[in-house]
Structures are given as structure tokens and as C-alpha cells.
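Chains, contacts and geometry: an overview
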Amino acid sequence: MSVNSPIRSAGFVRSWWDGLPAFWQAQIVGWGLFTIVDLVNQRLIYHDFSIALWRTALVVSCLVLLSTVLRRVYASPRLGNRLTFRAGAWLMLLSVGGAALVSSLVFAARQVLGWTTLGRGPLDDFVLPWTHYSLALAGWSLCYFWVHAEMAEQAEHRHAMRAEAEALRAELEELRLQLDPHFLFNALNGVAEEIPEHPAAALAMLRDLTAYLRHSLDGIKQTVVTVEAEVGGLSAYLRVQQARFGERLKATVSLDPGAASRRIASFLLQPLVENAVKHGRRDERLEIGIAIRAEGDSLQIEIENTGALDGGTAQRRRRPGIGLENVRRRLALHYPGRHRFTLDERDGADKVVARLVLEGEPCGS
């Protein structure tokens with residue numbers, strides 16, 4: 001006999017067991033334990049292992065058959081697998097009736113086969129097993145209702161989680177798609193402004209805009225992307241703006257190599273960068289800096305621009321708009337309770353800084 005034979009046999013048994021419905025797995029385990037206890041009990045009563053074995057085999061076979069019938073009754077439309085007052089009445093009636101049937105069969109076998117118990121008469125050999133098997137069937141029935149209620153609750157929870165996940169994904173996609181027409185309008189408006197006086201710059205902007213839209217369309221159904229892909233979209237956007245403003249705009253992007261492969265909500269940073277371009281001070285030259293680094297399990301992001309949060313600029317910044325509101329809502333959905341977002345001034349530097357701390361993986365991926 002080869003060494004692989006037991007391994008193949010064990011694999012077959014496991015495969016067979018995994019293929020069984022959960023009900024029959026529970027039946028085998030539960031009634032298997034009952035068989036062991038009953039066999040020991042009958043051996044102590046009859047002092048004969050063969051009698052104990054045959055009696056236990058007869059009893060367990062009847063109880064397994066009866067429990068299968070009980071399952072069908074409890075699952076009927078009348079009871080619906082719910083432990084109501086009516087189901088409780090049926091539980092008692094069927095348990096007592098089924099136990100009486102089993103006890104009658106065992107009593108008949110006792111009379112025919114001559115199974116005798118010292119110190120116990122025929123009445124005792126019927127009443128005691130009847131009580132014992134009534135309790136066994138009632139206990140099985142209560143366990144059945146309890147397990148089914150737990151499984152139904154878990155199934156309902158899974159269904160609710162799936163529905164919530166689908167609703168979350170739908171809202172995230174809607175928020176994500178709001179940004180495309182918003183940016184596209186601003187970009188095309190910039191191109192239109194450049195065409196009369198700077199047609200070459202307008203053409204360059206259109207090319208960069210085409211590259212940006214290609215990037216956008218490639219990830220239109222992806223609510224989560226890598227940081228590297230997000231930075232690629234930002235770079236395309238900044239090239240469009242640099243073509244528009246020329247030397248009046250300087251942009252730098254610093255990406256920590258350890259953060260490049262991390263995942264982030266797609267187009268989460270683009271509204272912040274657009275906000276910096278729109279509201280930053282361009283008296284001499286607008287400087288925009290983007291720094292992304294990984295620290296442990298979190299992403300640390302800073303987007304800064306020359307300017308201040310005072311006067312007319314502050315009023316424009318604080319006016320509710322689609323960009324910042326979109327960012328806040330998506331942060332709440334993607335990183336519930338796991339993010340920090342601030343917009344303030346850097347002390348003594350005449351710069352406004354948007355800071356993001358994103359902890360863990362984004363939801364909705």
C-alpha cells in the first residue's frame with residue numbers, strides 16, 4: 001500500500017464533507033455525539049455490547065429520520081422556520097409523538113428479541129425512553145430554530161452590507177464623475193482665452209488636455225487608483241495650466257517612492273490643486289508644490305500655493321463649491337473616521353497649505 005493512498009482517501013473524505021449541505025453536516029455531528037452517549041448508556045443498562053449496539057442503531061436511525069421530517073414541517077409555509085407560538089405547539093406535539101413512535105419500535109424489538117433489563121418492567125422500558133427521546137427531539141428542534149435564526153440574521157446582514165456597498169460605490173462614482181465636466185469647462189475656457197493672442201499655447205493646451213482626458217477615461221470606472229496614477233493625472237492638469245499661464249506658474253511635484261504603489265481615491269487631489277491654481281496669488285508668479293509621502297500605514301499629502309486666506313481670496317475660498325465639497329464628501333466615504341483635512345496658512349511664508357492625512361486603505365475599492 002503506497003503512502004499516497006491515505007492522503008488520497010483523506011482528500012476524498014474532505015471533499016465529500018465540504019460538498020455536504022450545512023444541515024447534513026450538523027446532523028452528522030449532532031447525532032454522532034448522541035450515538036456515542038446513547039451507546040455507552042445502553043451498554044451500562046444491558047451489560048451486553050451487541051444489544052446496546054443494535055438498540056442504539058435502531059434509535060438513532062429513527063431519530064435522524066424523524067428530525068429530517070421535522071425540518072420539512074418547520075420549513076413549511078405555515079411555520080416558515082420561525083419559532084412562534086404555533087411553531088412551539090407543533091414542536092411539543094411532534095417531539096412527544098415522534099418519541100412515542102421510537103419508544104414503541106424499541107419496545108416491540110425488546111419483546112421480539114428478548115432484550116431484558118434487570119429491575120425494570122415493561123412500562124419502565126417504554127416511559128423512560130419516551131421521556132428521554134421527547135427531550136432529545138425537542139432539544140433538536142430548538143437548536144434548529146436557533147441556528148436557522150442566526151443564519152437568517154447573517155444572510156440579512158450580508159444583504160444589507162452588499163446593498164450598502166453598492167450604494168457607496170454608486171455615490172462615489174457620481175462624485176468622481178462630477179469632477180470631469182467641472183475641470184473640462186475650466187480647461188476649455190482657458191483654451192478659448194489663449195486662442196486669439198497665443199494660438200501655439202492654445203494648441204499645446206489642447207494636446208495636454210487630450211492626454212488628461214485619456215487618463216480620465218481610462219480610469220472612469222475606477223474609484224480607487226494608485227498614488228502614481230493619481231500623480232500622473234495631476235501632472236497632465238498642471239501642464240494644461242502651465243501652458244496657459246507660462247512663466248507666471250511654477251509647479252513642483254514630490255512623490256515618495258514608498259508611496260507610489262499605495263492606493264488612493266481617484267481624482268481626490270485634483271480639486272485641491274485646481275483650487276490652488278484658481279485662488280493662488282499670481283501678482284508675480286504663482287508657485288504650487290505637491291508633496292506626497294508614506295508614513296507607516298498612512299499617506300501624508302501637502303498641496304501649497306502662494307497666497308493668503310484673507311480678504312477677497314478668503315471669501316472666494318470659503319464659498320461652498322463643487323471642488324472642496326466633493327473632496328470632503330469623498331473623504332467621508334472613502335476614509336470614514338480615518339482622515340484629516342485642513343486648509344490654512346504657513347506661518348511667515350505667505351503660502352496656503354492644504355494638508356491631508358489618509359490612514360489605511362480607501363473604502364469602495
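A few points on the structure.

Procedures and definitions
Residues numbered from 1 in each chain as written. Predicted model: local features only at pLDDT ≥ 70, side-chain atom pairs only at ≥ 80, totals over all residues. Heavy atoms only, no water. Axes fitted to C-alpha atoms, helices over the stretch in contact; angles between N-to-C directions. Helix = DSSP H or I, 4+ residues; strand = E, 2+ residues; numbered from the N terminus. Parallel < 35°, antiparallel > 145°, perpendicular 65-115°, else oblique. Left-handed = near helix turned anticlockwise from the far one by under 90°. Nonpolar A, V, L, I, M, F, W, Y, C, P; charged D, E, K, R; others polar. Pairing = 2+ DSSP bridges. Core = buried A, V, L, I, M, F, W, Y, C linked by side-chain atoms within 4.5 Å. Buried < 20%, exposed > 50% of the residue type's maximum accessible area, 1.4 Å probe, protein only. Contact = heavy atoms within 4.5 Å.

At a closest axis distance of 9 Å, the pairing of helix 2 (residues 22–46) and helix 3 (residues 49–74) adopts a crossing angle of 150 degrees. The angle between helix 2 and helix 3 falls in the class roughly antiparallel. As helix 2 packs across helix 3, the resulting crossing turns out to be right-handed. When grouped by side-chain class, the residues that make up the contact of helix 2 with helix 3 number 14 nonpolar, six polar and four charged.

Right, let's talk about the pairing of strand 4 (residues 286–295) for a bit. Sheet topology places strand 2 (residues 249–255) next to strand 4; seven bridges connect them, and they run parallel. Along strand 4, the bridge assignment pairs K250 with E287. Once strand 4 ends, the chain turns through two residues before running back antiparallel as strand 5 (residues 298–306), passing G296 with a positive phi of about 65 degrees.

Right, let's talk about the nonpolar core for a bit. Grouped together as the largest cluster of nonpolar side chains are 35 residues, with contacts concentrated most on I264, L268, L269 and L358. At the level of elements, helix 7 (227–245), strand 3 (263–265), helix 8 (270–279), strand 4, strand 5, helix 10 (322–334) and strand 7 (351–359) are the ones that each hand at least two residues to this core. If you tally residues by element for this core, the top one is helix 7, at seven residues. Not counting residues within four places of it along the chain, the set of residues in contact with I264 comprises T223, V224, V225, T226, V227, E230, L269, L299, I301, Y335, L358 and P362. Among the nonpolar cores identified, the runner-up in size contains 23 residues, and W31, L66, A99 and V106 belong to it.

Glancing now at unusual backbone geometry. Non-glycine residue N81 carries a positive phi angle of around 60 degrees. Structurally, N81 can be placed in the loop between helix 3 and helix 4 (85–113). The class for N81 is buried, based on a relative accessible area of 15%. Located in the positive-phi region is F267, a residue other than glycine, with phi close to 60 degrees. Turning to its location among the elements, F267 is positioned in the loop between strand 3 and helix 8.

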